[in-house]
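Examining the three-dimensional arrangement
Chain by chain, the residues run as shown.
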4 protein chains.
Amino acid sequence: MYDVRTDLALEAKERAESLSGGTIPGVWTETEREGGITVTRMEIQTEQGAQAIGKMQGNYVTLEVPELRRGDTELQNRVATAFAREFEAFLARIGVGPKTSVMVVGLGNGKVTPDALGPIVVDNLMVTRQFFELMPDQVGEGYRPVSAIAPGVLGTTGIESSDIVLGAVQQAKPELVIAIDALAARSLERVNTTIQIADTGIHPGSGIGNKRKGLTRATLGVPVLAIGVPTVLYASTIVNDAMDMVLEHMKQHTRDTDPLFGVFGTMAGQERLQLVKEVLQPVGHDLLVTPKEIDDFIEDLGNIVASGLNAAMHQAIDTDNVAAYTH
Amino acid sequence: MYDVRTDLALEAKERAESLSGGTIPGVWTETEREGGITVTRMEIQTEQGAQAIGKMQGNYVTLEVPELRRGDTELQNRVATAFAREFEAFLARIGVGPKTSVMVVGLGNGKVTPDALGPIVVDNLMVTRQFFELMPDQVGEGYRPVSAIAPGVLGTTGIESSDIVLGAVQQAKPELVIAIDALAARSLERVNTTIQIADTGIHPGSGIGNKRKGLTRATLGVPVLAIGVPTVLYASTIVNDAMDMVLEHMKQHTRDTDPLFGVFGTMAGQERLQLVKEVLQPVGHDLLVTPKEIDDFIEDLGNIVASGLNAAMHQAIDTDNVAAYTH
Amino acid sequence: MYDVRTDLALEAKERAESLSGGTIPGVWTETEREGGITVTRMEIQTEQGAQAIGKMQGNYVTLEVPELRRGDTELQNRVATAFAREFEAFLARIGVGPKTSVMVVGLGNGKVTPDALGPIVVDNLMVTRQFFELMPDQVGEGYRPVSAIAPGVLGTTGIESSDIVLGAVQQAKPELVIAIDALAARSLERVNTTIQIADTGIHPGSGIGNKRKGLTRATLGVPVLAIGVPTVLYASTIVNDAMDMVLEHMKQHTRDTDPLFGVFGTMAGQERLQLVKEVLQPVGHDLLVTPKEIDDFIEDLGNIVASGLNAAMHQAIDTDNVAAYTH
Amino acid sequence: MYDVRTDLALEAKERAESLSGGTIPGVWTETEREGGITVTRMEIQTEQGAQAIGKMQGNYVTLEVPELRRGDTELQNRVATAFAREFEAFLARIGVGPKTSVMVVGLGNGKVTPDALGPIVVDNLMVTRQFFELMPDQVGEGYRPVSAIAPGVLGTTGIESSDIVLGAVQQAKPELVIAIDALAARSLERVNTTIQIADTGIHPGSGIGNKRKGLTRATLGVPVLAIGVPTVLYASTIVNDAMDMVLEHMKQHTRDTDPLFGVFGTMAGQERLQLVKEVLQPVGHDLLVTPKEIDDFIEDLGNIVASGLNAAMHQAIDTDNVAAYTH
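Okay, so let's go over this structure. Everything quoted here is computed from the prediction, not taken from an experiment.

About the criteria used
- Throughout, residues of each chain are indexed from 1 in the direction in which the sequence is written.
- Here every chain gets a letter starting at A, and every ligand a number starting at 1, in the order they are written.
- It should be noted that, the model being predicted, local features are given only for residues of pLDDT at least 70 and side-chain atom pairs only at 80 or more, the latter also being counted only at that level, while totals for whole chains, interfaces and linings use all residues.
- Side-chain metrics rest on all non-hydrogen atoms present in the structure, leaving aside hydrogens and water.
- Patches draw on residues past 30% relative accessible area with no salt bridge. Two like charges within 9 Å are joined, as are two nonpolar side chains (Val, Leu, Ile, Met, Phe, Trp, Tyr) within 5 Å.
- Where accessible areas are quoted, they stem from the Shrake-Rupley method and a 1.4 Å probe; at the residue level, only the protein chains shown are allowed to cover.
- Salt bridges are defined as contacts in which a side-chain nitrogen from Lys or Arg sits within 4 Å of a carboxyl oxygen from Asp or Glu.
- Runs of E in the DSSP output that reach at least two residues are strands. Runs of H or I that reach at least four are helices, and both are numbered from the N terminus.
- Side-chain atoms within 4.5 Å are what join buried Ala, Val, Leu, Ile, Met, Phe, Trp, Tyr and Cys residues into a set we call a nonpolar core.
- Each residue is assigned to one of three classes by its accessible area relative to the maximum for its type, calculated with a 1.4 Å probe on protein chains only: buried under 20%, partly exposed between the two thresholds, exposed over 50%.
- Only heavy atoms enter the contact rule, under which two residues are in contact if any of them lie within 4.5 Å.
- Axis geometry follows a simple rule: fit a line to the C-alpha atoms, using only the stretch in contact for helices, then measure angles between N-to-C directions, giving values from 0 to 180 degrees.
- Any angle that is under 35 degrees is reported as roughly parallel, and any over 145 degrees as roughly antiparallel; angles of 65 to 115 degrees are reported as roughly perpendicular and all others as oblique.
- Charged residues are taken to be Asp, Glu, Lys and Arg, nonpolar residues to be Ala, Val, Leu, Ile, Met, Phe, Trp, Tyr, Cys and Pro, and polar residues to be all remaining types, Gly included.
- For Phe, Tyr and Trp, where Trp contributes only its six-membered ring, two rings pair if their centres lie within 6.5 Å, and the inter-plane angle classes them as stacked under 30 degrees, edge-to-face over 60, or tilted in between.
- In a left-handed crossing the near helix is turned counterclockwise from the far helix by less than a right angle, and in a right-handed crossing that turn is clockwise.

Another aspect to go through is a nonpolar patch on the surface. A cluster of nonpolar side chains, namely Phe131, Leu134 and Met135 of chain A, defines an oily patch on the protein surface of about 240 Å² accessible area. Looking at the secondary structure, you find Met135 of chain A in the loop between helix H5 (129–134) and strand E5 (146–149).

Here's what the structure looks like:
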């Protein structure tokens, strides 16, 4: 399995295809483009497909919005609406009804801006479980019981976030968990412009915080959906990715088989990445980096995901005007 | 039981004494004053004492520091040190050894400044449980396993904070819980100048957030110590308290039994408070209020409690220089 | 002049009327009520009126919204719209045209929650001056040049905020200054529920921060409008105000002229306040206090004022949907 | 002049040397290493030197602390002390006496974490000018008048920060301005590990915010010292820098003159950078990026600079224990 770190199944698939030079058996995809938003629905159907890509079997939906970093409010509202619709369809596809109780888990460290997506979503969510518990007769039509926690990170609580979530699940007894997490991508253009939905849960080592334990149906006893947004990438993958592009560019702009990149150009991707890492590690290129404007980006993304979730989870909230329900 | 709301056992006792005109049987106290810090150790020893005061049987230690709102760093360091010593003695008195594992629970809403004491303490605590779990051989001498969570409030999580704590306790299995909470006082002079330690746990209705369930040995299965700082008080108690003082002042400054306050002056405290409430409620005097400078006060108090706790919990941290270990 | 501190002209007038037992000559008012919002337009027309009330000659508009602390988003939007309309009419009345350049000054300390109104408004304002300076041909119709600064407070900058504003005015050369400030009220029900507009500028000693110098046409060379919201009040005025109410209540509920409050009841307001202050000062009742929920209130009020200002200042922004233009 | 963007004179010099293959005439340097801190003092003495390096004539001191990102409190205290000593010596060298009045200017946008260095330093500074103005007789020995402002950025105020500073300087009349700014570096290892002091002022286009006007003796009428810390770098310079390193590494590890990098390897730096930019621009590699942990780094750096400045500016503050005076 190729070891360029990405939490996006779509990137992992692209990478596997580029290495193998063809499509990956056991992986189904379909893509729709509209108004600057590309939606890719993907299913990893076989263990062979999972191995080839390096991601779990299951369903993935990815929204790519290259212009999302421009801070355009109108586009953000359209993305929230598209996300709400995809998520609603996703819930229907896996058989989650409109009354199923949900716990939303905002993973990550709220004091580390690029890792704060989960806590920000939790802060902006319409939480309703307390009304169902305390005054069930007075809850209006079109709502479901929703609770929300931000379990913190091991370094500041001393407890695995998965253990805190398990404890909360055992007490509040939701029928479904939706976990939100900030992710690492392989390519800079996807950072803060992409939202991934998956029904595979959260797996050890994924996300910014490098969880040691996952959040899955096996560990929590209820299905776990994952919503992720890449907010960081490794400096070394920026370099390697860029080298690929430059090499590709030079190949296309030269007539014959000149030794353009020399030995370096003929190295296999794996080998070259190894070299890049070896050279860069001593000078700190193994850092995770994030765009300078991360404060605004994470705030915007948190609002998009929270308002989309509010609309997708509660039938009483109109999917066409999702933004009005976030605070 | 008198219904002027206070979470401070010391105020409840003073009130009970002022009403009954004498000392309360079944309540033991001792007081020490040094360098602007008054420490009162109190034990409510009988059910009769508990009834008279309106607080649970148990041990209470109160630090009163009238000058604490002045923002004097040197005084703050001395208060942290005094708090560390009192808390260490408290632990010893109730038989908690230096290796006992502890979970610190920061109650309250981190986004509501006067209710953020608990979350701020948790943010500044030295958390060590993860090292004991992951690399027990490498933990230095003089530390104990400490974990820390801020469970949020019902209105933003949809789950009782006590349920989240119970879930976390079942997973992390501490032998002792220390719960930090912001409190309501009866007198303005005690707001943001007082720290209370108690071995009674947290009881329903106490603290700013008006918990519906408590945190006690009965609910969590392990002993629960409570650390509280009053940060708010009711506008109506400011008024009633002030009326008492003015009445008292006028009594002392007049020779004979002139009908100074007239009918109002002769009303019993209970009856007068009822009247005050009745008149003020329609115009919103039943609001909880806090001093204008609450941002600075809560930050300072959070640091004092966190650095004091760090020193009291870990023998490796010198009680004489507690401030150095907070971030 | 009566010395209960209030920055609201409306409260000062009420107080003067209650003391004199009648209307104040030289002061004109009109009042409109609709949908839970009371708008009072007031003009202090003579020096005699100004003296009686203790406020400067000039025009004042006050919006009172008793339910504003309930956090009702729909009401907040209506208040922003009402404020925008009143402010637009105010600009028209004093002859400010749609192209006049404006500098908005957010007074107060952004790190002290109840004093952060001005800085929050500045953060949420649509600032356009840079486009008029750098690319005047490309600015759309219906906008005016707006700049915005938050000058900080003397304690953290070492410079009078009025001096920083004067420096900025001399550089940016606006034709009008609009200063936003958090105020002190006399009655708790008006705190965080009232917005005052005035064409008198900001005067020394007003606002939470107790400015030593004012912001007026005399000091800045251009007209200065002031927008203020009371966010604090003195603990001692809560007490005095409450005593008045209780006394009044008792008078109304007794048949004859019983010596209800005794000597205290017959004291003049001035004298009684003096007594209250004398008694309470040693125990810290001269503190300014604010409601516990100040974080939410100040955020909501900042958004109302900012979105109202955006709509009132730029004709291109529809007064009917002011909230859409704040971030 | 080479166009890889860096605000560090030291990097610009290294780059110029690497391109020319030798030392640059007209540039003097000396270097000291102690306890993990490398101090380089540099003077660009001639116009020719300035041209070669692409930086202004003047004095530069650079502190490099490769381990600074580890969050080691003890190292941070030593860096603050070293910075205080270098800055004190710098002040002495350019003839600034102990009573000279100073205005500290915190450039940048406080809401954009990697650009918030200046505002954070201003928040943590010991400001004294108000005492000299209001009660000059009571100011203790060993202090000078210090004021501090954070002028914001053009995008949020509508006014050039240099204009706001000029206005403030004309009002407060300091004899010296010290401007703090977040910078861009060329190499990732210097980001958040380097502090630069210069007596050249702030020049247009420098710093993260790309000022359009500078802050210099010419514009402000008083000398301007600049303190800068690189907190960001361009994704494309990470790539180019890495390619240099990889190429260099491969050269050193091969016996003969194999066409290792092929055509790419033989391109001049300038030409290669152009190619890299051309290829990467469409996919967003011209973003400025910052390490994931920027919240902690900027807080630590702000404290180091503020505490160092406090000690260097006020003789009453002991340079050996600088950290105690920051809040």
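Let us now look at the nonpolar core. Residue and element names in this part refer to chain D. One finds Phe87, Val104, Leu125, Ile178 and Leu309 to be the most contacted residues of the largest nonpolar core, which totals 50 residues. If one sorts the elements of this core by residue count, helix H12 (residues 294–313) sits on top with 10 residues. When neighbours within four sequence positions are excluded, Phe87 is seen to be in contact with Ile178, Ile197, Leu225, Ile227, Leu309 and Ala312.

Attention shifts here to the packing of helix H9 (residues 235–252) of chain A against helix H9 (residues 235–252) of chain D. Relative to each other, H9 of chain A and H9 of chain D sit at 80°, their axes nearing to 9 Å. The orientation of H9 of chain A relative to H9 of chain D falls into the category roughly perpendicular. Residues Ala235, Ile238, Val239, Ala242, Met243 and Val246 of chain A of H9 of chain A touch H9 of chain D, and the partners they reach there are Ala235, Ile238, Val239, Ala242, Met243 and Val246 of chain D. Considering only residue class, the contact of H9 of chain A with H9 of chain D consists of 12 nonpolar, no polar and no charged.

We now examine the packing of aromatic side chains. Any pair of aromatic rings gets described here by the distance separating the centres and the angle formed by the planes. Residues and elements named next belong to chain B. Considering all chains together, one arrives at four aromatic pairs over all chains under this definition. When the centroid spacing of 5.8 Å and the interplanar angle of 35° are considered together, the rings of Phe83 and Phe87 count as tilted. With Phe83 and Phe87 both in helix H3 (residues 73–93) and four residues apart, this pair spans about one turn of that helix. For Phe83, a relative accessible area of 0% corresponds to the buried category. Phe87 sits in the buried class, given a relative accessible area of 0%.

This part takes up the packing of helix H3 (residues 73–93) of chain D against H12 of chain D. All names here are of chain D. Their axes nearest at 8 Å, the elements H3 and H12 cross at an angle of 45°. Comparing the axis directions of H3 and H12 gives the class oblique. Considering how the two elements wind past one another, H3 and H12 form a crossing that is right-handed. Residues Gln76, Val79, Ala80, Phe83, Ala84, Phe87, Glu88 and Leu91 of H3 form the contact with H12, whose participating residues are Asp300, Ile304, Val305, Ser307, Gly308, Leu309, Ala311 and Ala312. When its residues are assigned to classes, the contact of H3 with H12 shows 11 nonpolar, three polar and two charged.

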